[in-house]
Amino acid sequence: MENGIGEEGKKKRGMHKNQKKELVIKEDQTKFFVDLSHNKEGLDLIFGLLRKCNEKDFGKEILFKDLCLYAVNKLTDKDIEKVQEGSLSEMEKVERALYEHNKKSGTNLSMGEFLVKRLGIN
């Protein structure tokens, strides 16, 4: 196998084990879209905050953009870790535990072997 092409001449698809996704951030992007059509709780939270922020006698209207820019400045490294943790699926958490176990113990267990060991199954 050379250059990601398999023996049959077909290109391999998907992520490979322990391969990081490369995220490309478009630095020239100036507009962001937030779709809350399937997140009523989040939408209610935002509308509640906007109502509260705009209960005032003076000043311009406070927009969602203003809330976002203020909130982003308040994020700590701990908050970022929580957001990163929340992005993981259950299986990704198991894969991470396997990776960390293999790294720490110097082993090369498969997922099945790791789960048998971790769950104490004989």
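Reading the values: rules and limits
All residue numbers here refer to positions counted from 1 along the written sequence of the relevant chain. Where totals are concerned, whole chains, interfaces and linings use all residues; where local detail is concerned, this predicted model gives features only for residues with pLDDT of at least 70, and gives and counts side-chain atom pairs only at 80 or more. With hydrogens and water set aside, each side-chain value is computed from the structure's full complement of heavy atoms. Counting from the N terminus, the helices are DSSP H or I runs at least four residues long and the strands are E runs at least two residues long. Residue burial is assigned from relative accessible area. The probe radius is 1.4 Å, only protein chains are included, and a residue is buried under 20% of its type maximum, exposed over 50%, and partly exposed in between. Contact definition: two residues touch when any of their heavy atoms are within 4.5 Å. Any Lys or Arg side-chain nitrogen located within 4 Å of an Asp or Glu carboxyl oxygen qualifies as a salt bridge. Each residue gets a pLDDT score, which is the predictor's confidence in that residue and runs from 0 to 100. Pairs of N or O atoms within 3.5 Å make up the polar contacts considered here, provided that, within protein, one atom can donate a hydrogen while the other can accept it, and that residues adjacent in sequence are counted only when both atoms are side-chain atoms.

1. Quick look at the overall build of the protein
Move 1: Scanning the protein from N- to C-terminus turns up five helices and zero strands.
Move 2: Starting at the N terminus, the α and β elements of the protein follow one another as α-α-α-α-α.
Move 3: For the protein, with 122 residues in total, the buried portion stands at 9%.
Move 4: Put simply, of all contacts in the protein between residues at least 6 apart along the chain, 4% involve residues at least 24 apart.

2. Side note on the environment of Leu50
Move 1: Following the sequence through the fold, Leu50 ends up in helix 1 (residues 40-53).
Move 2: Excluding anything up to four places from it in sequence, Leu50 contacts Ile62, Leu63, Phe64 and Leu67.

3. Details of the side chain of His101
Move 1: Residue position: His101 is located in helix 4 (residues 90-105).
Move 2: Residue classification places His101 among the buried positions, given a relative accessible area of 19%.
Move 3: Residues in contact with His101, not counting those within four places in the same chain, are Gly106, Thr107, Leu109, Phe114 and Lys117.

4. Details of the pattern of salt bridges
Move 1: What the rule picks out here adds up to three salt bridges.
Move 2: With a shortest N-O distance of 3.2 Å, Asp44 and Lys40 are connected by a salt bridge. Separated by four residues within a single helix, Asp44 and Lys40 lie in helix 1, roughly one turn from each other.
Move 3: Asp44 sits in the partly exposed class, given a relative accessible area of 40%.
Move 4: Measuring nitrogen to oxygen at the nearest pair gives 2.9 Å for the salt bridge that ties Arg96 to Glu85. Highlighted residues: Arg96 in helix 4 and Glu85 in helix 3 (residues 77-86), separated in sequence by eleven residues.

5. Some thoughts on the confidence of the model for the protein
Move 1: Of all residues in the protein, 84% attain a pLDDT of 70 or more, and the chain-wide mean is 87.
Move 2: Highest mean pLDDT in the protein belongs to helix 1 (97); lowest belongs to helix 5 (residues 111-119) (91).
Move 3: Residue range residues 1-5 is modelled with pLDDT below 50. Its contacts to residues more than four positions away, or to other chains, number seven contacts.

6. Some remarks on the side chain of Asn102
Move 1: Residue position: Asn102 is located in helix 4.
Move 2: On the basis of relative accessibility, which here comes to 12%, the residue Asn102 falls in the buried class.
Move 3: Among the polar contacts listed, one links the side chain of Asn102 to the side chain of Thr107, at a separation of 2.8 Å.
Move 4: Not counting residues up to four positions away in its chain, the partners in contact with Asn102 are Thr107, Asn108 and Leu109.

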